[in-house]
Amino acid sequence: MLDTSFYKDKKVLITGHTGFKGSWMCQLLLMAGAKVTGYALEAPTDPSLFDMCHLGGQMHSVVGDVRDLAHMKQVFDETHPEIVIHMAAQPLVRESYKNPVYTYETNVMGTVNVLECVRTTPSVKSFLNVTTDKVYLNKEWEWGYRENEELNGYDPYSNSKSCSELVTSSYVNSFFKDMEVAVSTARAGNVIGGGDFATDRIIPDCIRAAQKKQDIIVRNPFSTRPYEHVLEPVVAYLMIVKAQYGDKKYAGNYNVGPDETDCWTTGDLVTLFCDKWNGATGDSMKWVNQYDGGPHEANFLKLDCSKLKRTFGWKPRWNVETTMEKIVEWSKCYLDGGDVAACMMKQIEEFLRD
C-alpha cells in the first residue's frame, strides 16, 4: 500500500503531465498534498482529461518541449524539485512509423535533456524514467520478459524507448553513482482507464464507437497484451520513487504489469467491454474484425513482475474485469455530462483503499 502522506509538500516535477497517465498521476499527487510542477506540450488530445478536470489551475503547469534543454533547465532552476518523474514521450507505435525522427528526438534526446537537468539540479533526490514493456527484444515467447532481458524494440517507438533505457543506464554509471540522487526506470504494460482519448488505442476506440452507436473496429483481435488499469503503474511509480528517496538501494529497473491471468487478446478485451457496456446501458455494442494490414506490431507480449513483487511486496489490485467496470463507469459519466473529476477522485480513493 502506498503511503501518500509521504508526498505532502514534496516538490514533484512531472514531464508529460498533460497526457492520459500524467493526468491521473497529477490528480493523485494533488490529493496527497504535493507541490506539483508539470512540463509538457499542450494536452495531446481534444477532448483531454487534463483540461476537463481543470488540473492546470491546481498546479504549476508549464507548456514546454522536452527537446528544449534550456527552457526545461530554467523550470528546474525556478522550482527546485525533489522528485522528478519523466513521462513525456511520443507514445504511439503507428505514429512512430509516420514520424520516426520526431519520435527519436522526443524519446531519446528528451530523456538526455531531462537527465542533464537532474544531474545539474542539486535538489533532486529521486528520479524515475517511465518507459514501456515494448523495450525488450520480442521473441514472441509465452513467458514474461524479465528486467535483465535484451533491450531492442522493433519499431521506432519501441526502439526509441529502448534507447531511453540505455541513456539512463549510462548516466547512472557515469554520473549518478557518485551523487545523492536515486535513479530507476519503470517498464509498464498496456495501460487502460477512463479519460484516454488517444488515437490508435483500443479502449478509446471502444468509447468513440459507443458514443456514435457504431460497431467497434478491431484491427488485430489476436494480439496478446498485459492490460492494467492506469492507477496500477501510477501507484507503482510513486511507490518506487518514495522507496528510493529514502534509500538508494531500491534504485533499479522494474517491470510493472498485471498478473498472467490479465494478459488478454485484443478481441477478448473488446468482448469484455461490450458485455460491461451493454449491461450498464442496455445497448447492444459489438465488434468486427477488420485487419488493415498496418505496420508491424508484436503479437505476444507479457512481463515478469517478480522483482517488483519481491522488493516491495507489491501486487496488482484491480484485475481486467474490475478495470473494465471502472472504465465503463467513468465513460458513462463523461458521455452523460457528469462530473468526471469527481469520478476520477472517487476511483483513486477506491483503488488506494482496496
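A brief look at the structure comes next. Keep in mind it's a predicted model, so treat the numbers as computed, not measured.

This brings us to the pattern of salt bridges. Tallied over the entire structure, the rule returns 20 salt bridges. For Asp283, the salt bridge goes to Lys213, with nearest N and O atoms at 3.2 Å. Pair noted here: Asp283 is in the loop between helix H9 (266-281) and strand S12 (287-289) and Lys213 is in the loop between helix H7 (202-212) and strand S8 (216-218), with a separation of 70 residues, a long-range link. Of the charged contacts in the structure, one is a salt bridge between Glu321 and Lys276, with a shortest N-O distance of 3.7 Å. With a gap of 45 residues between them, Glu321 in helix H11 (residues 320-335) and Lys276 in helix H9 connect regions that are remote in the sequence. Given a relative accessible area of 40%, Glu321 falls into the partly exposed group. By sharing partners, the salt bridges in this structure join Lys326, Glu329, Lys346 and Glu350 into a single network.

All right, on to the sheet that holds strand S3 (residues 60-63) then. If you walk across this open sheet you meet the seven strands as S3-S2-S1-S4-S5-S6-S10, and the pairing is parallel. If you trace the sheet from one side to the other, it starts and ends with S3 and strand S10 (253-256), each paired once. Within this sheet the neighbouring strands show an average axis-to-axis angle of 15°, counted without direction. In this sheet, S3 lies alongside strand S2 (residues 35-40) in parallel orientation, the contact comprising four bridges. Counted as the bridge partner of Ala40 is Val63 from S3. Contacting strand S1 (11-15), S2, strand S4 (83-86), strand S5 (126-130) and strand S6 (182-188), helix H1 (residues 20-31) runs over the sheet at an angle of about 170° to S1. This element, helix H6 (residues 156-174), spans S5, S6 and S10 of the sheet and lies at about 165° to S6.

In this structure, Tyr7, Met25, Leu29, Ile85, Tyr237 and Leu238 are the most contacted members of the largest nonpolar core, which totals 60 residues. Looking at this core, the element that brings in the most residues is helix H8 (residues 231-246), giving nine residues. Excluding residues within four positions of it along the chain, Tyr7 makes contact with Leu2, Val12, Leu29, Ala32, Gly33, Ala34, Ile83, Leu238, Val241 and Lys242.

Right, let's talk about the packing of aromatic side chains for a bit. For the coordinates displayed, the defined rule picks out 14 aromatic pairs. Aromatic side chains Tyr254 and Phe312 sit 5.5 Å apart centroid to centroid with 50° between the ring planes, which places their arrangement in the tilted category. Linking Tyr254 in strand S10 with Phe312 in helix H10 (residues 306-312), this pair joins segments that are 58 residues apart in sequence. On the accessibility criterion, Tyr254 (2% relative accessible area) is buried. Ring centres of Phe273 and Trp277 lie 5.6 Å apart, and the angle between their planes is 20°; this geometry places the pair in the stacked category. With a gap of four residues between them, Phe273 and Trp277 both fall in helix H9, about one helical turn apart. Every member of this aromatic cluster is reached through a ring pair, and the members are Tyr136, Trp141, Trp143 and Tyr145. For the cation-ring pair, Lys10 lies above Phe6, with the distance from its terminal atom to the ring centre recorded as 4.3 Å.

With that settled, consider the side chain of Ser160. Mapped onto the elements, Ser160 comes out in helix H6. A relative accessible area of 0% places Ser160 in the buried class. At a separation of 2.9 Å, a polar atom in the side chain of Ser160 contacts the side chain of Asn107. In contact with Ser160, other than residues within four places in its own chain, are Thr103, Tyr104, Asn107 and Val108.

Using the criterion set out here, one finds one cavity of 30 Å³ or more in the structure. In this structure, the largest cavity is lined by Gly193, Gly194, Gly195, Asp196, Phe197, Ile203, Ile207, Ile327, Trp330, Ser331 and Tyr334. A total of four residues in the lining of the largest cavity trace back to one element, the largest contributor, which is H11. Here the residues of the lining of the largest cavity are counted per class, giving six nonpolar, four polar and one charged.

This next bit is on the side chain of Glu165. On the secondary structure map, Glu165 appears in helix H6. One polar contact links Glu165 to Thr131, side chain to side chain, over a distance of 2.6 Å. Those residues within four positions of Glu165 in sequence are excluded, and the remaining contacts are Thr131, Val135, Leu151, Thr185, Arg187 and Asn253.

The next point concerns the packing of H7 against H11. Two elements in contact, H7 and H11, have axes whose closest approach is 11 Å; the angle formed by their N-to-C orientations is 45°. Taken together, the axis directions place H7 and H11 in an arrangement best described as oblique. Our pair here, H7 against H11, has a crossing hand that is right-handed. When H7 is examined against H11, the residues Ile203, Ile207 and Gln211 are found in contact with a partner set consisting of Met324, Ile327, Ser331 and Leu335. Taken together, the residues that form the contact of H7 with H11 break down as five nonpolar, two polar and no charged.

So, about the packing of helix H5 (residues 100-119) against H6. Their axes nearest at 9 Å, the elements H5 and H6 cross at an angle of 20°. Comparing their axes, H6 and H5 come out roughly parallel. For the pair H5 and H6, the sense of crossing is right-handed. In contact with Pro100, Thr103, Tyr104, Asn107, Val108, Thr111, Val112, Leu115, Glu116 and Arg119 of H5, H6 contributes Pro156, Tyr157, Asn159, Ser160, Lys161, Cys163, Ser164, Val167, Thr168 and Tyr171.

Calculation notes
Residues numbered from 1 in each chain as written. Predicted model: local features only at pLDDT ≥ 70, side-chain atom pairs only at ≥ 80, totals over all residues. Heavy atoms only, no water. Salt bridge = Lys/Arg side-chain N within 4 Å of Asp/Glu carboxyl O. Helix = DSSP H or I, 4+ residues; strand = E, 2+ residues; numbered from the N terminus. Buried < 20%, exposed > 50% of the residue type's maximum accessible area, 1.4 Å probe, protein only. Pairing = 2+ DSSP bridges. Axes fitted to C-alpha atoms, helices over the stretch in contact; angles between N-to-C directions. Contact = heavy atoms within 4.5 Å. Core = buried A, V, L, I, M, F, W, Y, C linked by side-chain atoms within 4.5 Å. Phe/Tyr/Trp six-rings, centres within 6.5 Å; stacked < 30°, edge-to-face > 60°. Lys NZ or Arg CZ within 6 Å of the ring centre and 35° of its normal. Polar contact = N/O pair within 3.5 Å; in protein donor to acceptor, adjacent residues only side chain to side chain. 1 Å grid on protein atoms, 1.4 Å probe; cavity = no way out; pocket = protein on both sides within 12 Å on 5 of 7 lines; lining within 4 Å. Points joined across faces, edges and corners; volume = space filled by probe spheres on them. Nonpolar A, V, L, I, M, F, W, Y, C, P; charged D, E, K, R; others polar. Parallel < 35°, antiparallel > 145°, perpendicular 65-115°, else oblique. Left-handed = near helix turned anticlockwise from the far one by under 90°.

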